[in-house]
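# Working through the structure, step by step
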Amino acid sequence: MSDDQTPADSKLTTSKRRWAAEGKFLTGRISRPEAERLPPGQHLVKNWPVLDLGQQPVVSTDSWRLDVRGLIETPLTLTWAAVQAIEQSTGVSDIHCVTTWSRYDNKWKGVSTRDLLDLAMPKPEAAYVMLTSYDGYTTNLPLSDFAVEDAILATAWEGLPLTPEHGGPMRLVVPHLYFWKSAKWLRRIELMPADQAGFWEKNGYHIYGDPWREQRYSDD
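Residues numbered from 1 in each chain as written. Predicted model: local features only at pLDDT ≥ 70, side-chain atom pairs only at ≥ 80, totals over all residues. Heavy atoms only, no water.

## A short note on the overall build of the protein
Our working definition: Strands are runs of DSSP state E lasting at least 2 residues, helices are runs of H or I lasting at least 4, and numbering of each runs from the N terminus. Burial status follows relative accessibility: with a 1.4 Å probe on protein chains alone, a residue under 20% of its type maximum counts as buried, one over 50% as exposed, and anything between as partly exposed. Any two residues having at least one pair of non-hydrogen atoms within 4.5 Å are treated as being in contact. All accessible-area figures derive from a Shrake-Rupley calculation using a 1.4 Å probe, and residue coverage is judged against the displayed protein chains alone.
The secondary structure content of the protein amounts to five helices and 11 strands. Burial status across the protein gives 47% buried among its 220 residues. In the protein, the share of contacts with a sequence separation of at least 24, taken over all contacts with a separation of at least 6, comes to 69%. Carbon and sulfur atoms form 52% of the exposed surface of the protein, whose accessible area is close to 11,000 Å².

The following block contains the structure:
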């Protein structure tokens, strides 16, 4: 291809231009100074506490599948091998649990949510995401929050495969929301036109969950 030629448009490049024009996946978040790094009402821990619904499904990488459905151009059913074939990303982020603990500087490896969306190509009317786990857990969040730069579908933590107790083989990590939004044991990601409450959201937790606004419960 000569220097004065450009590649033909694809659905992906067209979608990316549309997202940019519409300002999609921009939340307006800003970097916080160190003095504001810990959200109100939180305390720091060195360990990683384990919280779940009372069961920890053990899903082998041989049988694990991730379905991506809903308002997308390309429905996906990803095997573990298919996930490993996607470009792998790394990142470091803090996590903040609604039960008041926070842990700084967690090192993750996995697939960027933006790279997954590049494969699935959300339709223009997609605005929200519902996550479903292998234990039946569900949680919701806006598509713009799912697609922030530091969100990752994590398969490793601190250089080791993510353990079942912490959501392995794969969990979502969205650092700027309370950690109940970062669903463990991911099985399905569905893009939707309107918001729907997930498990904890139906049981008294806030529909959004911003730690810096202490959006813990539905009346916060």
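Still to come is the rest of the account.
## Quick look at the environment of asparagine 47
Along the chain, asparagine 47 turns up in the loop between β1 (43-44) and β2 (65-70). With a relative accessible area of 47%, asparagine 47 lands in the partly exposed category. In the structure, asparagine 47 is positioned 55 residues away from serine 102 in sequence and 9.7 Å away in space, judged by C-alpha atoms.

## Notes on the pattern of salt bridges
Applied cut-off: By salt bridge we mean one thing: a side-chain nitrogen of Lys or Arg within 4 Å of a carboxyl oxygen of Asp or Glu.
Taken as a whole and judged by the stated rule, the model has eight salt bridges. The shortest N-O distance in the salt bridge between lysine 107 and glutamate 158 comes to 4.0 Å. Taken together, the positions of lysine 107 in strand β5 (residues 101-112) and glutamate 158 in the loop between β8 (152-157) and β9 (160-161) put the pair 51 residues apart, joining distant regions of the chain. Take lysine 107: its relative accessible area is 44%, and that puts it in the partly exposed class. Put simply, lysine 181 and glutamate 201 hold a salt bridge, and the shortest N to O gap is 2.7 Å. On the criterion of sequence distance, the pair formed by lysine 181 in the loop between β10 (171-173) and β11 (186-192) and glutamate 201 in helix α5 (residues 199-202) is long-range, its members being 20 residues apart. With respect to class, lysine 181 is no different from glutamate 201; both count as buried. The network of salt bridges with shared partners includes Arg37, Asp94 and Asp105.

## Remarks on the side chain of aspartate 135
For clarity, the threshold we go by: Any pair of N or O atoms that falls within 3.5 Å is considered a polar contact. Within protein, one atom must be able to donate a hydrogen and the other to accept it, and sequence-neighbouring residues count only if both atoms are side-chain atoms.
In this structure, aspartate 135 sits in the loop between β6 (128-133) and β7 (138-142). In this structure the side chain of aspartate 135 is engaged in a polar contact, spanning 3.1 Å, whose partner is the backbone nitrogen of tyrosine 137.

## Quick notes on the sheet that holds β2
Just so we agree on the cut-off: Here, a strand pair is defined by DSSP locating no fewer than two bridges between the strands. Fitted lines through C-alpha atoms serve as axes, helices being fitted only where they are in contact, and the angles separating the N-to-C directions of these axes extend from 0 to 180 degrees.
In spatial order, the strands read β3-β2-β11-β6-β7; together these five strands make up an open sheet with mixed pairing. Edge strands, defined here as strands with exactly one partner in the open sheet, are β3 (76-79) and β7. Strand-to-strand, the axes of this sheet are offset by a mean angle of 15°, without reference to chain direction. Of the strand pairs in this sheet, β6 and β11 are connected by six bridges, and their pairing is antiparallel.

## Concerning the packing of aromatic side chains
Let me state the cut-off plainly: Stacked, edge-to-face and tilted labels apply to pairs of Phe, Tyr and Trp rings (six-membered ring for Trp) whose centres lie within 6.5 Å, assigned for plane angles under 30 degrees, over 60, and everything in between, in that order.
Evaluated as defined, the whole model comprises 10 aromatic pairs. Aromatic side chains tryptophan 48 and tryptophan 157 sit 4.7 Å apart centroid to centroid with 55° between the ring planes, which places their arrangement in the tilted category. Taken together, the residues span a long stretch of sequence, with tryptophan 48 in the loop between β1 and β2 and tryptophan 157 in strand β8 at a distance of 109 residues. The class for tryptophan 48 is buried, based on a relative accessible area of 9%. When the ring of tyrosine 137 is compared with that of phenylalanine 199, the centres are 6.2 Å apart and the planes differ by 50°; the resulting orientation is tilted. Remark: phenylalanine 199 occurs in helix α5 and tyrosine 137 occurs in the loop between β6 and β7; sequence separation between them is 62 residues.

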